[in-house]
Amino acid sequence: RASLGACAGETMEVYLPGKREPVKRRRSITFKEQVKVQPMEPAKSLAENPESLWFQEDEYEKIKMKTVALIHKVAEDGTLDGKKYCTRGLEKWMTPEATQVKKRQAWDNVLNEQYLQRQEGAFNDEQLALMYKHSTARSQMEASKRASKDAQEVEGYLKSTRRFQRRMSM
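None of the values given here were measured: they were computed from a predicted structure.

Looking now at the overall build of the protein. For the protein, the helix and strand inventory stands at 5 helices and 4 strands. With the principal axes as the frame, the protein shows a C-alpha extent of 70 × 50 × 40 Å. Here the protein holds 170 residues, and 10% of them are scored as buried. Within the protein, contacts between residues separated by at least 24 positions form 30% of all contacts whose residues are at least 6 apart in sequence.

With that settled, the discussion passes to the side chain of threonine 87. Mapping threonine 87 onto the fold places it in the loop between strand E4 (83-84) and helix H2 (91-94). What makes threonine 87 buried here is its relative accessible area of 12%. Threonine 87 has contacts with Leu70, Val74, Gly78 and Met94, leaving out every residue within four places of it along the chain.

Relative to the helices and strands, glutamate 113 is located in helix H3 (residues 96-119). A relative accessible area of 17% means that glutamate 113 is categorised as buried. Residues glutamate 113 and methionine 131 lie 18 residues apart in sequence; the distance between their C-alpha atoms is 7.6 Å. If we skip the residues at most four places from it in the chain, glutamate 113 touches Gln127, Leu128 and Met131.

Thresholds applied
Residue numbering note: each chain is counted from 1, following its sequence as written. Per-residue local features of the predicted model are confined to residues with pLDDT of at least 70, and side-chain atom pairs are confined, for both listing and counting, to 80 or more; whole-chain, interface and lining totals are unaffected and use all residues. Calculation of side-chain values draws on the structure's entire complement of heavy atoms; hydrogens and water are dropped beforehand. Numbering of helices and strands starts at the N terminus; helices are DSSP runs of H or I of at least 4 residues and strands are runs of E of at least 2. Only protein chains enter the accessibility calculation, which uses a 1.4 Å probe; a residue is then buried when its area is under 20% of its type maximum, exposed when over 50%, and partly exposed in between. Whether two residues are in contact is decided by their heavy atoms: any pair within 4.5 Å suffices.

Laid out in structure tokens, this is it:
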């Protein structure tokens, strides 16, 4: 058993701003005692030319240039001339101003709460966490919606792939 900051079962004393007495915290992690090791084939032995297994710098630059061009051309919904392009994962680049506004609003809320606590000579880490949680609730909801949509798309893809494989195996 291993632990961080304290031995198993022990507590740490943490001095927080606005508190005269330390707060006791217990944090520990554990590791499984039995380890299962699986031998892995080195990637370099998988191909005659190991560099061909990874993108090279010039390939990354091409990908980046094409992605930036796509972001500048498509609408927010990922369409261009009636054709739909996959912009999954590019949301923060497609609307960078909105992303920055959300981030700064969350920071402002937390920093304002921290300022008010200091003015009162108090420190409440739970309240700070709650302020951040409320500030990011919309982002969490949007991420959940995207995850659900992704799951539906994957399910549709898997169904069509399975149908295709069944037809091919007959």
